[in-house]
Structures are given as C-alpha cells and as structure tokens.
Amino acid sequence: MPAALTETAVVEHLDDKLPLDLQFVDDAGRAIRLEECFQGDIPVVLSMNYSNCPMLCVLQLNGMINSLKEVDLVAGKDYRIVSVSLDPNEKPEQARATKQKYLESYGSTADPAGWHFLTGPEASIGRLSNALGIEYVYLPKKKEYSHPAVFCMCTPDGRISRYHYGIEFPQKTLRLSLVEASEGKIGNAFDRFLLICFHYDAEEGRYAPVARNIMKVGGGLGIMGLGLIFWACHRVARSRAAREARREEQRLGAPGISAT
C-alpha cells in the first residue's frame, strides 16, 4: 500500500457520544437528524467520504463493502451503514447514485432502508468530523479533500466503538467489531466467546488473543471438566450400588432362603 494511505490524521475518541442532533439531507433529499440513523439495537458503520473523490474514497469504500459482504451478517438488517459527505456542495442526487453503486456491489441481500448516504452543511460536517477526531483539509487548486482512510464502528446509541484504517479489512475483524459494537445483540454465542478471549490490537488492526483471558477461560473449563468427571463418577457409583442392592434383594427373597 502507498505510504500516503497509511498516514492518518485521526485522534481517536473511543466511547465518546456523537452529536446526534446534527442536521443532514439523506440520499432521497429528505432533511433528517443523525439520530434517525441510530435507531433500534443494531450497530452503525460510519464513514466520511465524498462522491467526487478521485481515488481514496473509492478504494476505502470498495474495501469496506467487499469485506462486509463476506461477513455472515446482513447490511441494513444486522447493522446500518452511514456515509457522510465531506463536501458541503454535494447534492442528494450524487449521494443517491453513490449509494446505488455500492448497493449493487454488495448484492441483493442488503436492505436499502438501512443504508444512508448523507450530505449537509459545512457546520454539521465539521462538528461530526471533530467528534470523530478525523482531520481533513480542502485543497482549492485541486478542488479535492485530503483526508484519512478510516471508518468507525458505532454502538446503537451513538458511541464510537472502534476505528478501522486503510483500504483492506479482514472479514473476521469486522465481524467481531460489529458484534462488539452491538454489545452482544447480534452475532452468535461463539462470537461472544471470542470477544472474551481476544482483544483488539490497534497497531495490528485485528483482534489478538489475550493470555490472561484465555487462562481464565481455560481454568473455568478445567473446573467444569473436573466437575463433570466427579458427577459422572458419582452417577456410576450410585448406579452400581443400586444394581448391587437389587441383586441382594433378589437373593434374599429367593425361595428356600431365609432372611434371618
């Protein structure tokens, strides 16, 4: 990857609450507040891009969508996608065309109602980027925005859960990140088990095993295993004692044998 794509201007604000009162316009031309994209109990994948970006936005969104469609969770149903344009001059028509492009790339399983490509005034864009800690600069000569390749996982109530950088994203990392952001409301029991044993390594950009947690889980499983062994031995002993008691009763109750 070119070095320029790995140098990010981001100050992470993990667990900070986003300003959900911000006003935007959705890809249908409807005025909405950001809070309308955070409803229910599913997490939100939040990115800041713009439709006329000549390279980086396309690479980042392509990588994000290509990885998300490999995750065994459905966009628009198990999680929402919200992309906010950095360009205050972008029109809803442009956002709608961009949304349609990525809906087609994702495939027919996606729910379009759970995808939001937003445009809005510079004040709302600036407040959101400040809340996310994403720094960007407009380059007048090129009429482009210089910005980092990053998107965020957010909790259903609008808190920042995780940052993901670059243009390629491991499928397993995104799945665990979504489950983590949902606070266990999506995914399965095995995903939640993995989150106990694995911790997100920001330098590596993936979830790595934590020895202490693995030892705790291993110790707990060991205790459970010993408990099952003792329980099984106890059941065997009781069953054997019951069989011997029945034999003794049958012997004592047989004809010609006195119990005295």
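Residues numbered from 1 in each chain as written. Predicted model: local features only at pLDDT ≥ 70, side-chain atom pairs only at ≥ 80, totals over all residues. Heavy atoms only, no water.

> Residue-level account of the pairing of strand E8 (residues 150-154), with values.
Within E8, 5 of the 5 residues are buried, which leaves it mostly tucked inside the rest of the structure. Here E8 shows a buried face lined by Val150, Cys152 and Cys154 and a second buried face lined by Phe151 and Met153. As judged from the 4 bridges shared by strand E3 (residues 44-49) and E8, these two strands associate in the antiparallel manner. Paired with leucine 46 across the two strands is cysteine 152, which belongs to E8. One ladder, built from 5 bridges, connects E8 with strand E9 (residues 160-165); its direction is antiparallel. By the bridge assignment, methionine 153 is partnered in E9 with arginine 162. (Buried < 20%, exposed > 50% of the residue type's maximum accessible area, 1.4 Å probe, protein only. Helix = DSSP H or I, 4+ residues; strand = E, 2+ residues; numbered from the N terminus. Pairing = 2+ DSSP bridges.)

> So what's going on with the state of the cysteines? Residues and values would help.
Scanning the model with the defined rule gives 0 disulfides in all. Of all cysteine sulfurs in the structure, the one in cysteine 53 sits closest to cysteine 57, which takes part in no disulfide; the separation is 3.3 Å. Residue class for cysteine 57 comes out buried when judged on its relative accessible area of 2%. Looking at the unpaired cysteine 152, the closest cysteine sulfur is the one in cysteine 154, lying at 5.6 Å. Residue classification places cysteine 152 among the buried residues on the basis of a relative accessible area of 0%. (Disulfide = S-S within 2.5 Å.)

> Tell me about the environment of valine 71, and please be specific about residues and values.
Tracing the backbone through its elements, the reader meets valine 71 in the loop between helix H2 (56-68) and strand E4 (80-85). Take valine 71: its relative accessible area is 4%, and that puts it in the buried class. Taking the C-alpha atoms as reference, valine 71 lies 6.0 Å from glutamine 171; in sequence the two are 100 residues apart. Residue contacts for valine 71: discarding those within four places in its chain leaves Gln171, Leu174, Arg175 and Leu178. (Contact = heavy atoms within 4.5 Å.)

> Summarise the pattern of salt bridges; cite the residues concerned and give the values.
One pass over the structure, following the stated rule, counts 7 salt bridges. For aspartate 26, the salt bridge goes to arginine 30, with nearest N and O atoms at 3.3 Å. We note a salt bridge from lysine 99 to aspartate 27, for which the minimum N-O separation is 3.3 Å. On the criterion of sequence distance, the pair formed by lysine 99 in helix H3 (residues 92-106) and aspartate 27 in the loop between strand E1 (23-25) and strand E2 (31-33) is long-range, its members being 72 residues apart. (Salt bridge = Lys/Arg side-chain N within 4 Å of Asp/Glu carboxyl O.)

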